[in-house]
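Chain by chain, the residues:
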Amino acid sequence: MATFQLQRTAPLSPDEAWRRLTTWSRHGEAVPLTRTTVRTPPPTGAGTRIVARTGLGPLSFDDPMDVTVWRPPQDGSPGYCRLEKRGRVVTGWAEIEVRPGPGGRARVVWREDIGVRFLPSFCDAVLARTGRLVFGRAVNRLLRQE
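Keep in mind the model is a prediction, meaning the values are calculated, not measured. (Residues numbered from 1 in each chain as written. Predicted model: local features only at pLDDT ≥ 70, side-chain atom pairs only at ≥ 80, totals over all residues. Heavy atoms only, no water.)

A. Structural detail: unusual backbone geometry. Following Pro42, the chain continues to Pro43 via a peptide bond in cis, the omega torsion being 0°. Here Pro43 shows up in the loop between strand S2 (34–38) and strand S3 (49–56). Phi at Asp75 is positive, roughly 50°, even though this residue is not glycine. You can see Asp75 is positioned in the loop between strand S4 (59–71) and strand S5 (79–86). Its relative accessible area of 78% is what places Asp75 among the exposed residues. (Helix = DSSP H or I, 4+ residues; strand = E, 2+ residues; numbered from the N terminus. Buried < 20%, exposed > 50% of the residue type's maximum accessible area, 1.4 Å probe, protein only.)

B. Molecular detail of the side chain of Ser60. Looking at where Ser60 falls in the secondary structure, it is placed in strand S4. Of the polar contacts made by the side chain of Ser60, one reaches the backbone oxygen of Gly57; its length is 2.8 Å. Leave out the neighbours within four places in its chain, and Ser60 touches Arg53, Thr54 and Gly55. (Polar contact = N/O pair within 3.5 Å; in protein donor to acceptor, adjacent residues only side chain to side chain. Contact = heavy atoms within 4.5 Å.)

C. Representation of the packing of helix H1 (residues 14–22) against helix H3 (residues 124–144) within the structure. At their nearest, the axes of H1 and H3 sit 8 Å apart, and the two run at 125° to each other. With respect to each other, H1 and H3 are oriented oblique. Like other packed secondary-structure pairs, H1 and H3 cross with a definite hand, here right-handed. Together, Ala17, Arg20 and Leu21 of H1 and Val139, Leu142, Leu143 and Arg144 of H3 make up the contact between the two elements. Of the residues assigned to the contact of H1 with H3, the class counts are five nonpolar, no polar and two charged. (Axes fitted to C-alpha atoms, helices over the stretch in contact; angles between N-to-C directions. Parallel < 35°, antiparallel > 145°, perpendicular 65-115°, else oblique. Left-handed = near helix turned anticlockwise from the far one by under 90°. Nonpolar A, V, L, I, M, F, W, Y, C, P; charged D, E, K, R; others polar.)

D. Inspection of the packing of aromatic side chains at higher detail. The tally for this structure, following the rule as stated, stands at four aromatic pairs. Aromatic side chains Trp18 and Trp70 sit 5.0 Å apart centroid to centroid with 55° between the ring planes, which places their arrangement in the tilted category. Here Trp18 is found in helix H1, whereas its partner Trp70 is found in strand S4, with 52 residues between them in sequence. (Phe/Tyr/Trp six-rings, centres within 6.5 Å; stacked < 30°, edge-to-face > 60°.)

E. A look at the pattern of salt bridges. In this structure the tally under the stated criterion is 12 salt bridges. A salt bridge links Asp66 to Arg86, with the nearest nitrogen and oxygen atoms 2.9 Å apart. Linking Asp66 in strand S4 with Arg86 in strand S5, this pair joins segments that are 20 residues apart in sequence. Exposure remark for Arg86: the relative accessible area of 45% places this residue in the partly exposed category. We note a salt bridge from Glu112 to Lys85, for which the minimum N-O separation is 3.4 Å. Taken together, the positions of Glu112 in strand S7 (residues 106–116) and Lys85 in strand S5 put the pair 27 residues apart, joining distant regions of the chain. Note on accessibility: Glu112 and Lys85 belong to one class, buried. (Salt bridge = Lys/Arg side-chain N within 4 Å of Asp/Glu carboxyl O.)

Right, dumping it as structure tokens:
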């Protein structure tokens, strides 16, 4: 398993940063070669099922994940979401935390522990660096776009 963490401060309220990061359909626009589908009816909450399909044609795979914890920011308290990856190819978890930051800005922490089945453990460092790069760009894009 490869673990990485991203931190960002955005010129947004915590509520707006949370909305942008947890509108799951937008993740497909921010992650290369990925399309995201929410498989359960709204609103998002614990039990929501999301599937990210990544790749091209026959070289594609599904990354199904379930929201296991859902606490949006409220009354100055931080928001926290945990996703458990349940796929045959990608395993692990992701956590999104959004809290009030300096000057009315939002402070975002994204943590992820990702595994790719059949990938040997000596590849974990490369996987963590790649995850930090790909998801760092995706988080930046999600926070920038309305």
